[in-house]
Every structure is written in structure tokens, then in C-alpha cells.
Amino acid sequence: QVQLVESGGGLVQAGGSLRLSCAASGRPFSTYTMGWFRQAPGKEREIVARITWSGGTTYYVDSVKGRFTISRDNAKNTVYLQLNSLKPEDTATYYCAALIRNDFKYWGQGTQVTVSS
């Protein structure tokens, strides 16, 4: 079992920044890959970024490369997503998820990011 709680969303103007946090509890945090996803109204959920258990390997969807940064602090059981140069099209609910046995099995409740133009 893994419990995930996101925080850090909000309303920001285009070009601004936010940092999302996802605090994990339950299964030892340093043993699994973490991902950030987002879902905008009327659109399918998409993966934004992911990071391996050690933090050594990251992946980003093309639309956020160079603007978003995923990181993790295993001592704090927390994964972060730094969002810079935000655009209105980044508006969505952002979710963190834990990859267990090749399945993003556990999800947080989501945090809303709204970018105004």
C-alpha cells in the first residue's frame, strides 16, 4: 500500500512558476518509480514526467521539456514537480502516482493548476 498526497497547485499567470509536492507513505519510498500526470477538462490523462527510484533517470513529455523538472527526496518521502514558464495549456489537475510492478497502481487526489493568460 502507498498513500500519496499532492500539494502546491494554484492560480498563476502565464510565464509564472509553481512547485508541486507529493508526499508518500506506506511502502518504502526509495523502492519505486514515481510519476506526475495531468488531466485537463475534456482531455485524456497524460503522463508529464517520471523519475526512477534513485532519481537517476527521468522522462518528460515533449510539451514540458525544458520547462518542468521532476525530482525526489527519498529522505523526505517526497517527489516534486517544478513548473516554470507556465502556459495556459498547462492548466489541468495534476496527479502523482507510484509505479509498482509496472503499473501506476497508487494515485493521489490531485492538485489543480490554473494558468491565466
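Residues numbered from 1 in each chain as written. Predicted model: local features only at pLDDT ≥ 70, side-chain atom pairs only at ≥ 80, totals over all residues. Heavy atoms only, no water.

Looking now at the side chain of T93. With respect to the element layout, T93 can be found in strand β9 (residues 92-100). Judged by relative accessible area, which is 18%, T93 ranks as buried. A polar atom in the side chain of T93 sits 2.8 Å from the side chain of Q112. Leaving out residues up to four positions away in the same chain, T93 has contacts with F37, R38, Q39, G110, T111 and Q112. (Helix = DSSP H or I, 4+ residues; strand = E, 2+ residues; numbered from the N terminus. Buried < 20%, exposed > 50% of the residue type's maximum accessible area, 1.4 Å probe, protein only. Polar contact = N/O pair within 3.5 Å; in protein donor to acceptor, adjacent residues only side chain to side chain. Contact = heavy atoms within 4.5 Å.)

This paragraph deals with the pattern of salt bridges. Applying the stated criterion across every chain yields a total of four salt bridges. Across the pair D90 and R38 runs a salt bridge, and its minimum N-O distance is 2.9 Å. Of the two residues, D90 sits in the loop between β8 (78-83) and β9 while R38 sits in strand β4 (residues 33-39), which places them 52 residues apart along the sequence. Accessibility expressed as a relative area gives 1% for D90, which makes it buried. A salt bridge links D62 to K65; the shortest N-O distance between them is 3.0 Å. A network of salt bridges, in which partner residues are shared, links R38, E46, R67 and D90. (Salt bridge = Lys/Arg side-chain N within 4 Å of Asp/Glu carboxyl O.)

A few words now on the sheet that holds strand β3 (residues 18-26). The four strands are arranged β1-β3-β8-β7 in an open sheet whose pairing can be described as antiparallel. Two strands close off the open sheet at either side, each with one partner strand: β1 (2-7) and β7 (68-73). Ignoring which end each strand starts from, the neighbouring axes of this sheet average 15 degrees apart. Direction of pairing for β1 relative to β3: antiparallel, over a ladder of six bridges. From the neighbouring strand, V5 faces β3, where its bridge partner is A23. (Pairing = 2+ DSSP bridges. Axes fitted to C-alpha atoms, helices over the stretch in contact; angles between N-to-C directions.)

It is worth spelling out the environment of F29 at this point. With respect to the helices, strands and loops of the structure, F29 is situated in the loop between β3 and β4. Considered as a pair, F29 and G56 are 27 residues apart in the sequence and their alpha carbons are 15 Å apart. When neighbours within four sequence positions are excluded, F29 is seen to be in contact with A24, M34, R72, D73, N74, N77, T78 and V79.

To continue, consider the environment of C96. Tracing the chain through its elements places C96 in strand β9. Look at C96 and you get buried, because its relative accessible area is 0%. Measuring from C-alpha to C-alpha, the distance between C96 and R38 comes to 8.6 Å, with 58 residues separating the pair along the chain. Beyond its immediate chain neighbours, meaning those up to four positions away, C96 contacts L4, E6, C22, M34, G35, W36, Y106, W107 and G108.

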